[in-house]
Amino acid sequence: MTIHRINPCKRWSDVTVYNGIAHFVEVAEEDTKADMKGQVQQIFAQAEQMLATVDSDRSRILSVTIYVTDFANFDALNKEWDAWFPEGTAPSRACVKVELADPELLVEMAFVAAAGDKYRD
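Residues numbered from 1 in each chain as written. Predicted model: local features only at pLDDT ≥ 70, side-chain atom pairs only at ≥ 80, totals over all residues. Heavy atoms only, no water.

(A) Main features of the side chain of S56. With respect to the helices and strands, the residue S56 is situated in the loop between α1 (36–53) and β4 (61–68). One polar contact links the side chain of S56 to the main-chain carbonyl oxygen of A114, over a distance of 2.6 Å. Residues contacting S56, with those up to four places away along its chain left out, are L51, A113, A114 and A115. (Helix = DSSP H or I, 4+ residues; strand = E, 2+ residues; numbered from the N terminus. Polar contact = N/O pair within 3.5 Å; in protein donor to acceptor, adjacent residues only side chain to side chain. Contact = heavy atoms within 4.5 Å.)

Right under this line is the structure:
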């Protein structure tokens, strides 16, 4: 089976797809000084773009691992999360408190999603 690496560089690929399952990670890229709401909104907008590159969408997300720096921001995260997913499509998720490499980042998300048919071999 083919491993599809989308926009690979020395350190990572934007998306890696194997057997129809896409894996990618997002952090806020536009405004790292934004609050939790702003960073989550940026991550979801970026995730939409990554999903589109593999012929997928948010309703096809299978799981998300969420890394947060402070659980005081948990309610803001959940509010954006609940608003983003169409009813009945929320994936499984885990939420872990961590220290991220960039101290301005409040959240990082690792997505696993079903890719479109051309990524299944």
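(B) Region of interest: the packing of α1 against helix α2 (residues 74–84). At their nearest, the axes of α1 and α2 sit 8 Å apart, and the two run at 35° to each other. Once α1 is placed against α2, the crossing between them reads as right-handed. Contacts between α1 and α2 involve M36, K37, V40, Q41, F44, A47 and E48 from the first element and A76, L77, E80, W81 and W84 from the second. Residue composition of the contact of α1 with α2, grouped by class: 8 nonpolar, 1 polar and 3 charged. (Axes fitted to C-alpha atoms, helices over the stretch in contact; angles between N-to-C directions. Left-handed = near helix turned anticlockwise from the far one by under 90°. Nonpolar A, V, L, I, M, F, W, Y, C, P; charged D, E, K, R; others polar.)

(C) Spotlight on the nonpolar core. If you look at the biggest cluster of nonpolar residues, it comprises 28 residues, and the most contacted ones within it are M109 and F111. Sorting the residues of this core by element identifies β2 (15–18), β3 (21–27), α1, β4, α2 and β6 (107–114) as the ones contributing at least two each. At 7 residues, the largest contribution of residues to this core is made by α1. With near-sequence residues (within four places) excluded, F111 lies in contact with A22, H23, F24, E26, I43, F44, A47, I61, S63, V64 and W84. (Core = buried A, V, L, I, M, F, W, Y, C linked by side-chain atoms within 4.5 Å. Buried < 20%, exposed > 50% of the residue type's maximum accessible area, 1.4 Å probe, protein only.)

(D) How the structure looks around the side chain of Q39. The topology assignment puts Q39 in helix α1. Polar side-chain contacts of Q39 include one of 3.0 Å to the backbone oxygen of E104. When neighbours within four sequence positions are excluded, Q39 is seen to be in contact with A28, D31, T32, A34, E104, L105, L106 and V107.

(E) Structural detail: the pairing of β4. With 7 bridges connecting them, β4 and β6 associate as antiparallel partners. Of the residues in β6, the one forming a bridge with I66 is M109. Judged from the 6 bridges that link them, β4 and strand β5 (residues 92–97) form a sheet pairing that is parallel. If you follow S63 over to β5, its bridge partner there is S92. Considered for its hand, the β-α-β crossover made up of β4, α2 and β5 is right-handed. (Pairing = 2+ DSSP bridges. Right-handed = clockwise from strand over helix to strand, strands pointing away.)

(F) Here's a closer look at the pairing of β3. Burial of β3 is one-sided: the residues A22, F24 and E26 facing one way are buried, the residues I21, H23, V25 and V27 facing the other way are not. Sheet analysis places β2 next to β3, joined by 3 bridges and oriented antiparallel. Of the residues in β3, the one forming a bridge with Y18 is I21. Taking the residues between adjacent antiparallel strands as the criterion, β2 and β3 are bridged by 2 residues, where N19 takes a positive phi near 55°. Here β3 pairs with β6 via 7 bridges, running antiparallel. Bridging across to β6, H23 finds its partner in V112.

(G) Focus on α1. In a regular helix each residue adds 1.5 Å, so 18 residues correspond to 26 Å; α1 covers 26 Å between its end C-alpha atoms and thus fits that length. Taken residue by residue, α1 has M36, G38, Q39, V40, Q42, I43, F44, Q46, A47, M50 and L51 as its buried positions. Its buried side turned inward, α1 meets β2, β3, β4, α2 and β6. Positive backbone phi, approximately 55°, marks D55, located one or two places after α1. (Expected span 1.5 Å × (residues − 1).)

Without other data, these values stay purely geometric and don't point to any function.
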